[in-house]
Number of protein chains: 2
Amino acid sequence: MSKKIINKPENVVSEAVEGFMLANKNSLVKVEDVNGIIRKDIDDKVAIITGGGSGHEPLFMGFVGEGLADGVAVGNVFAAPTPNTIQEVAKAADQGKGVLFVYGNYAGDVLNFDMAAELLDFEDINVNTVLVADDVASAPEDRKEDRRGIAGDVFVIKIAGAASEKGWSLEEVTRVTQKAADQAFSIGVATSPGIIPGEKEPAFVLGDDEIELGMGIHGEPGIKRTKMMPSDQLTEELMETLLKECKINAGEEVAVYVNGLGSTTLLELLIVNRKVGQLLEEKGIKVYDMDVNSYCTTQEMGGFSISLLKLDEELKDLYNSPAHSPYYSKNIKE
Amino acid sequence: MSKKIINKPENVVSEAVEGFMLANKNSLVKVEDVNGIIRKDIDDKVAIITGGGSGHEPLFMGFVGEGLADGVAVGNVFAAPTPNTIQEVAKAADQGKGVLFVYGNYAGDVLNFDMAAELLDFEDINVNTVLVADDVASAPEDRKEDRRGIAGDVFVIKIAGAASEKGWSLEEVTRVTQKAADQAFSIGVATSPGIIPGEKEPAFVLGDDEIELGMGIHGEPGIKRTKMMPSDQLTEELMETLLKECKINAGEEVAVYVNGLGSTTLLELLIVNRKVGQLLEEKGIKVYDMDVNSYCTTQEMGGFSISLLKLDEELKDLYNSPAHSPYYSKNIKE
């Protein structure tokens, strides 16, 4: 089944980090002895640290750059980075102004990032944390703290990076990043599974004509298994659930991000984006920006997610700040 | 087999163009009545026009932007854009300084772009053409004119856009773009097929443990069908053929681009890039820049290609000029 172009499965992440560093040695630096990367020149500012399991590339390592993350702790495939990795990355990136951890809400990541924060506390480095928990399909509203982080990571890292570039304090950067996390909402659909490097079998099985709404990016169970349907109908169904959850009203403004999970083509994603735009217009919700890409993947999984970031003037200004990393670039000109 | 997230197959391209325009209306403009797109603000300069069949996204439409193409003519999936589409896009982009067509060397595209050039000649618009024919596996060196264009398109569009931004004449832009095309070399490998939207069967069949070196991006026959092998060994075999063809010697300088064909993950591509970098270093070939992405895809085809652009001082300066489009961004700081 799987024809992964790899060497030994146990070396996948370290070799990928090596290949990534070869391509980005002018702007990034490898942190010694761990799978961690920081920016070469970090201004005198709050350091934004992200990370998580590999297998979702270009997240997270592709988002280290200007106006984004200052450092990334890279875990093995679908596994949290170790506390030691996170600690070393944070120490290397810290400029004495404190560190903000921004990452997706998964038990293993929370455990290890929290442990790293404790270790850093002993070294008198201030650490705050903002968890991204944008996936509205992963838990109901009354258990919001159980929601997982998916493509909304992109929005929250973007806002955190922009706030820190402005020279804001750790408290202020944390406040606005938490606001972004609270106002980022996503929902996804899976059409086919991806395979972890080294495994023979896919993470889950879907019938030939079957899709699963709300499935997580590691194959976590979704909210509804159903028959394949036309793109517009599928987009409409997802948007209905999403808008119900995020309580965005006519006249309000959003940034939109349509994310491919791996093997779903840009041609398909653009067709989804067309319908998303039409639906938002019908509802009188203003679209400030739309991005269509595959930033948060699950190997060659098929499917996509739709993310909305509800904007106020403060978030809009930060969203609009320049950002530039190997796999993300934003420079809105109005 | 196929679970494309589309509506009617015959509307795939026009709906994708619509979704693309919704996401990029601040910087791009749709050309009326055809599947064509131009930049909103084109300086008083030579207009760079690219295009080709759809199905390879983000090429070509994702490469309209600053320092890249000024307009794109979008064909149906795997089909050349019509002469009328090309003509309308060129007319909309022309600033009176002439037009350069830059596109991949395929019979259908050549026929239609040439016809458009003739039609534009009647309207007193000067048109030059540079064909990209970087795929060294598609024909031997003594039939270089038969070689197909693949991921090397990215290099050649980049150089053409940079030269035109500098305000050079049509003749000068053509000269340096042709030089880039002459010095761009690629080779690919296919591990699994993609499926055209609306079709039930893939474009070709490969055994469970089989790959094909040199296969084209529409499934054109390659140079060798072989067993799956470890990434390093595969990369070494491809690089050996590539370097033999492009006659790049120790001490010379190149830009490298590792391109995924669709469902091959960035994790895998980065591992390939690691080996490419190691091999070039062993041979004493200097690496000016490396880019790892999936700019030139074939739906969800598996596999990748390696492209080299041999640089001299003139090309290096142009390669290093700022470029920014919805799916490509380059801003090297040394």
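Residues numbered from 1 in each chain as written. Chains lettered and ligands numbered in written order. Predicted model: local features only at pLDDT ≥ 70, side-chain atom pairs only at ≥ 80, totals over all residues. Heavy atoms only, no water.

Novice: Just to check I follow, could you spell out the overall build of chain A for this structure?
Specialist: Across its full length, chain A holds eight helices and 14 strands. In terms of principal-axis extent, the alpha carbons of chain A reach across some 55 × 50 × 35 Å. Residues classed as buried in chain A amount to 64% of the 334 residues present. On chain A, roughly 12,000 Å² of surface is accessible, and the fraction owed to carbon and sulfur atoms is 46%. (Helix = DSSP H or I, 4+ residues; strand = E, 2+ residues; numbered from the N terminus. Buried < 20%, exposed > 50% of the residue type's maximum accessible area, 1.4 Å probe, protein only. Areas by Shrake-Rupley, 256 points an atom, 1.4 Å probe, with all protein chains shown as cover.)

Novice: I tried to follow the sheet that holds strand β6 (residues 127–132) of chain B on my own but got confused; where do I start?
Specialist: Picture the strands of a sheet paired through backbone hydrogen bonds; they go either parallel or antiparallel. All names here are of chain B. Read across the sheet, six strands follow the order β1-β2-β4-β3-β5-β6 without closing on themselves; strand pairing throughout is mixed. Both outer strands of the open sheet, β1 (28–31) and β6, are each paired with one neighbouring strand and no more. Strand-to-strand twist across the sheet, computed as the mean angle between neighbouring axes with direction ignored, equals 25 degrees. Its contacts with the sheet place helix α4 (residues 153–165) against β2 (36–39), β3 (47–54), β5 (99–104) and β6, and it is angled at close to 170 degrees to β5. (Pairing = 2+ DSSP bridges. Axes fitted to C-alpha atoms, helices over the stretch in contact; angles between N-to-C directions. Contact = heavy atoms within 4.5 Å.)

Novice: Whenever I open this one, the packing of aromatic side chains confuses me. Can you help?
Specialist: Within a pair of aromatic rings, the relevant descriptors are the distance that separates the centres and the angle that separates the planes. Within this structure, the stated rule accounts for 18 aromatic pairs over all chains. Plain terms: the ring middles of Phe63 of chain A and Tyr328 of chain A are 5.5 Å apart, the flat faces sit at 40 degrees to each other, and that makes the pair tilted. Of this pair, Phe63 of chain A sits in the loop between β3 (47–54) and β4 (71–77) while Tyr328 of chain A sits in strand β14 (residues 328–330), placing them 265 residues apart in sequence. Residue Phe63 of chain A is classed as buried on the basis of its relative accessible area of 0%. Relative accessible area serves as the criterion here: at 3%, Tyr328 of chain A is assigned to the buried category. Residues Tyr103 of chain B and Phe113 of chain B carry aromatic rings whose centres are separated by 3.9 Å and whose planes lie at 10 degrees to one another, so their mutual orientation is stacked. Highlighted residues: Tyr103 of chain B in strand β5 and Phe113 of chain B in helix α3 (residues 107–122), separated in sequence by 10 residues. The same class applies to Tyr103 of chain B as to Phe113 of chain B, namely buried. Here a set of aromatic residues connected by ring pairs shows up, and it is made of Phe63, Tyr257, Tyr295 and Tyr328 of chain A. (Phe/Tyr/Trp six-rings, centres within 6.5 Å; stacked < 30°, edge-to-face > 60°.)

Novice: Even after reading the chapter, I still don't get the interface of chain B and chain A, so can you show me in this structure?
Specialist: Frequently, the measure chosen for interface size is the accessible area that the parts lose on association. Taken together, the contact pairs 61 residues of chain B with 60 residues of chain A. Interface of chain B and chain A: buried area, both sides summed, is about 5,000 Å²; carbon and sulfur atoms make up 61% of it. Of all residues in chain B, Lys3, Ile5 and Leu267 of chain B give up the largest surface area on contact with chain A, accounting jointly for 18% of the area buried on that side. Linking chain B to chain A there are four salt bridges. Across the pair Arg274 of chain A and Glu18 of chain B runs a salt bridge, and its minimum N-O distance is 3.4 Å. On inspection of chain B and its partner chain A, the count reaches 25 residue pairs in polar contact (both at pLDDT 80 or more). When residues of the side of chain B that touches chain A are assigned to their parent elements, the largest contribution, 10 residues, is made by helix α7 (residues 266–282) of chain B. Counted by class, the side of chain B that touches chain A contains 26 nonpolar, 20 polar and 15 charged residues. (Buried area = accessible area lost by both parts, 1.4 Å probe. Salt bridge = Lys/Arg side-chain N within 4 Å of Asp/Glu carboxyl O. Polar contact = N/O pair within 3.5 Å; in protein donor to acceptor, adjacent residues only side chain to side chain. Nonpolar A, V, L, I, M, F, W, Y, C, P; charged D, E, K, R; others polar.)

Novice: Whenever I open this one, unusual backbone geometry confuses me. Can you help?
Specialist: Negative phi values dominate among residues other than glycine, just as trans dominates among peptide bonds. A cis geometry characterises the amide bond from Leu59 of chain A onward to Phe60 of chain A, with omega recorded as 0 degrees. Counting through the fold element by element, Phe60 of chain A comes out in the loop between β3 and β4. Residues Glu57 of chain B and Pro58 of chain B are joined by a peptide bond in cis, for which omega reads 5 degrees. Along the chain, Pro58 of chain B falls in the loop between β3 and β4 (71–77).

Novice: What am I meant to see in the environment of Asn35 of chain A here?
Specialist: Residues and elements named next belong to chain A. Relative to the helices and strands, Asn35 is located in the loop between β1 (28–31) and β2 (36–39). C-alpha of Asn35 to C-alpha of Thr298: the two residues are 263 residues apart in sequence and 19 Å apart in space. Residues in contact with Asn35, not counting those within four places in the same chain, are Val13, Ser14, Val17, Lys30, Val72, Ala73, Val74 and Thr85.

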